[in-house]
Amino acid sequence: MSLTTLPARTLGTGLLTAARAVALGLVSFSAWCSPALPPSVLQALERAKVPPEALAVVVEDPRGGTARLRWNTQQPMNPASVVKLLTTLAALEDLGPAWTWQTPVWLEGPIDNPGPEGVLQGSVHIKGSGDPKLNLERVWALLQRLRGLGVREIRGDIILDQSAFAAPMGTAGDFDGESLRPYNVQARALMLNQRTVIYHFVPDAARGVARVMAEPALLGVQVEATVPLVGGPCHDWRAQLKGQLHDPARVRWLGRYPAACGTQQWPVAYADPASYDSRLLQALWAGVGGQLRGTVREGPAPARPPTFEWA
């Protein structure tokens, strides 16, 4: 069975439940051949206030033959996450189910006095291979591995190799104009934490504010630590915050945060993606007790075998 998703304008409360009911109704109905939707599906759509015209469905035997059900199949739809089926199939066929990404790391130069006060007389190279899961915890663990090798101070640079594949042309806002949405971050061979910051909002009723925490805290970025609380229901709380998120050096909140929302989080793509890796690595390296004398920059990795590979 293949089922296209609903247009974005129909998304709302209760839609997930409706989608489940639709899927179950279609599965139970698939033994019949009809151009109409099953009554149970129509009822689920009505409860979710989704018009049947907003749905397109094809139910067919994967071994071939006549389709059991075709509904609204000529209407163009936004496939949304259904496209993930295609990329997943391509990955399974080309890479296999046991594929593991390897991110090679080179320590270029000797380590003086290896241990808690060790000094690397050179640079650290990290080469991306397309690993999509180099999230905050794994990047932090990679830097801890460097500390475990006896490096505290890096006299050279941290050099990032992005040459595994060419980045696509364009900008983050090309798809839908929402350049700060994490799903619009441009792909890179070495993608650190998806170049995203998650802002956590925790109400503090005694002080009349919501405390704001940035994860991760990027080097050189000032984030206002509180926002005033306000009463009323929790509706579009992100709009009420009136976040000023386009300044790479400072994040501000000009609005209010509804106390009724409780604890919430807001993932945001960093406004200056080109500087994200440098800000992140310098902050994390300092956080694990390291010192960096040089800078974080892009460049080619050595041709020799790496010091270790981060799987």
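Just above, that's the structure.
Caption draft 1: Highlighting the overall build of the chain. Helix and strand counts for the chain stand at 6 helices and 20 strands. A burial count over the chain gives 36% of its 311 residues as buried. A separation of at least 24 residues holds for 66% of the contacts in the chain among residues at least 6 apart in sequence. Approximately 17300 Å² of the chain is accessible, and the part contributed by carbon and sulfur atoms is 57%.

Caption draft 2: The pattern of salt bridges, seen in detail. Going through the model one piece at a time under the given rule, you end up with 10 salt bridges. Between glutamate 224 and arginine 252 there is a salt bridge, with its nearest N and O atoms 3.5 Å apart. One end of the pair, glutamate 224, is in the loop between strand 12 (222–223) and strand 13 (226–230); the other, arginine 252, is in strand 15 (residues 250–253), with 28 residues separating them in the sequence. Via salt bridges that share partners, Glu153, Arg155 and Arg293 belong to a single interconnected network.

Caption draft 3: Representation of the sheet that holds strand 15. Pairing in this open sheet of 3 strands is mixed, and the strands run 12-15-14 from one edge to the other. Looking at the sheet topology across the chains shown, the edges are occupied by strand 12 and strand 14 (243–244). Both strand 12 and strand 15 contribute to a ladder of 2 bridges, which runs parallel. Pairing of valine 223 across the sheet is with valine 251, part of strand 15.

Caption draft 4: Representation of the sheet that holds strand 18 (residues 291–292) in the model. Pairing is mixed across the open sheet formed by 4 strands, whose spatial order is 5-6-8-18. Strands at the two margins of the open sheet, each flanked by one partner only, are strand 5 (111–112) and strand 18. Relative to strand 18, strand 8 (residues 153–154) is paired through 2 bridges, and the arrangement is parallel. The partner of glutamate 153 across the bridge, within strand 18, is glutamine 291.

Caption draft 5: Broad picture of the packing of aromatic side chains. Counting across every chain of the model gives 9 aromatic pairs. Centre to centre, the rings of phenylalanine 201 and tryptophan 237 are 5.8 Å apart; their planes meet at 70°, and the pair counts as edge-to-face. Of this pair, phenylalanine 201 sits in strand 10 (residues 196–204) while tryptophan 237 sits in helix 5 (residues 237–241), placing them 36 residues apart in sequence. Owing to a relative accessible area of 0%, phenylalanine 201 belongs among the buried residues under this scheme. Owing to a relative accessible area of 9%, tryptophan 237 belongs among the buried residues under this scheme. Between tryptophan 253 and tryptophan 266, the ring centres sit 6.2 Å apart and the planes meet at 40°, which makes this aromatic pair tilted. Of the two residues, tryptophan 253 is situated in strand 15 and tryptophan 266 in strand 17 (residues 264–269); the sequence distance between them amounts to 13 residues. Neither residue differs from the other here; tryptophan 253 and tryptophan 266 are each classed as buried. An aromatic cluster is present here, built from Tyr199, Phe201, Trp237, Trp253, Tyr257 and Trp266 joined pairwise through their rings. Sitting over the ring of phenylalanine 308, arginine 145 keeps its end group 4.4 Å from the ring centre.

Caption draft 6: Spotlight on the nonpolar core. Judged by nonpolar contacts, the single largest core of 45 residues is most densely connected at Tyr199, Phe201 and Trp253. Apart from residues no more than four positions distant in its own chain, tryptophan 253 is found in contact with Tyr199, Phe201, Val212, Val223, Glu224, Thr226, Val227, Leu241, Lys242, Gly243, Leu245 and Trp266. Core analysis: the next-biggest nonpolar cluster, separate from the first, contains 10 residues, Leu37, Ala48, Leu55 and Val57 among them.

Caption draft 7: A look at the layout of surface pockets. Its volume calculated, the second largest pocket comes out at about 470 Å³. Considering the residues around the second largest pocket, the lining is formed by 23 residues, among which Pro132, Met191, Asn193, Gln194 and Thr196 are closest to the centre. Of all the elements in the fold, those that place two or more residues in the lining of the second largest pocket are helix 4 (136–148) and strand 10.

Caption draft 8: Main features of the side chain of threonine 103. Within the fold, threonine 103 resides in strand 4 (residues 103–108). Apart from the residues within four sequence positions on either side, threonine 103 is in contact with Ile126, Lys127, Ser129, Asp131, Leu134, Leu190, Phe308, Glu309 and Trp310.

Caption draft 9: Examining the environment of leucine 245 more closely. As for its position among the elements, leucine 245 is in the loop between strand 14 and strand 15. Note: C-alpha distance between leucine 245 and alanine 269 (24 residues apart in sequence) is 9.2 Å. In contact with leucine 245, other than residues within four places in its own chain, are Leu180, Tyr199, Val251, Trp253, Trp266, Val268 and Ala271.

Caption draft 10: Just helix 2 (residues 39–47), in detail. All of the buried residues along helix 2 are Val41, Ala44 and Leu45. Projected down its long axis, helix 2 carries its buried residues within an arc of 100°, all on one side. Looking at helix 2, the residues exposed on the side facing more than 90 degrees away from the buried face are Pro39, Glu46 and Arg47. Lysine 49, located one to two residues past helix 2, shows a positive phi value of around 60°.

About the criteria used
- In this numbering scheme, every chain counts its residues from 1 along its sequence in written order.
- Local features in a predicted model are, by the rule used here, given only for residues with pLDDT of at least 70; side-chain atom pairs are given and counted only at 80 or more, and totals for whole chains, interfaces and linings are based on all residues.
- With hydrogens and water excluded, all non-hydrogen atoms of the structure serve as input to the side-chain values.
- Secondary structure counts use DSSP, requiring at least four H or I residues in a row for a helix and at least two E residues in a row for a strand, with both numbered from the N terminus.
- Whether a residue is buried, partly exposed or exposed follows from its accessible area with a 1.4 Å probe, protein chains only, as a fraction of its type maximum: under 20%, in between, or over 50%, in that order.
- A contact between two residues is defined here by any heavy atoms of the two lying within 4.5 Å.
- Per-residue accessibility takes into account occlusion by the displayed protein chains alone, with areas from the Shrake-Rupley method and a 1.4 Å probe.
- Salt bridges are identified by distance alone: a Lys or Arg side-chain nitrogen within 4 Å of an Asp or Glu carboxyl oxygen.
- Note on pairing: DSSP must find at least two bridges between two strands before they are called paired.
- Each aromatic pair joins two rings of Phe, Tyr and Trp (for Trp, the six-membered one) with centres within 6.5 Å, and gets the label stacked for planes under 30 degrees apart, edge-to-face for over 60, and tilted for any other angle.
- Ring-over charges, as used throughout, are those where CZ of Arg or NZ of Lys falls within 6 Å of the ring centre and within 35 degrees of the ring normal.
- Here, nonpolar core refers to any group of buried Ala, Val, Leu, Ile, Met, Phe, Trp, Tyr and Cys residues whose side-chain atoms link them within 4.5 Å.
- In this analysis the probe radius is 1.4 Å and the grid spacing 1 Å, with only protein atoms considered; a cavity is a set of points the probe fits into but cannot get out of, a pocket is an open set with protein on both sides within 12 Å along at least five of seven lines, and lining residues have an atom within 4 Å of a point.
- Grid points are joined across faces, edges and corners, and a volume is the space filled by probe spheres set on the points.
- By construction, the arc corresponds to the directions joining the helix axis to the C-beta atoms.

That's the geometry; what it means functionally is another story.
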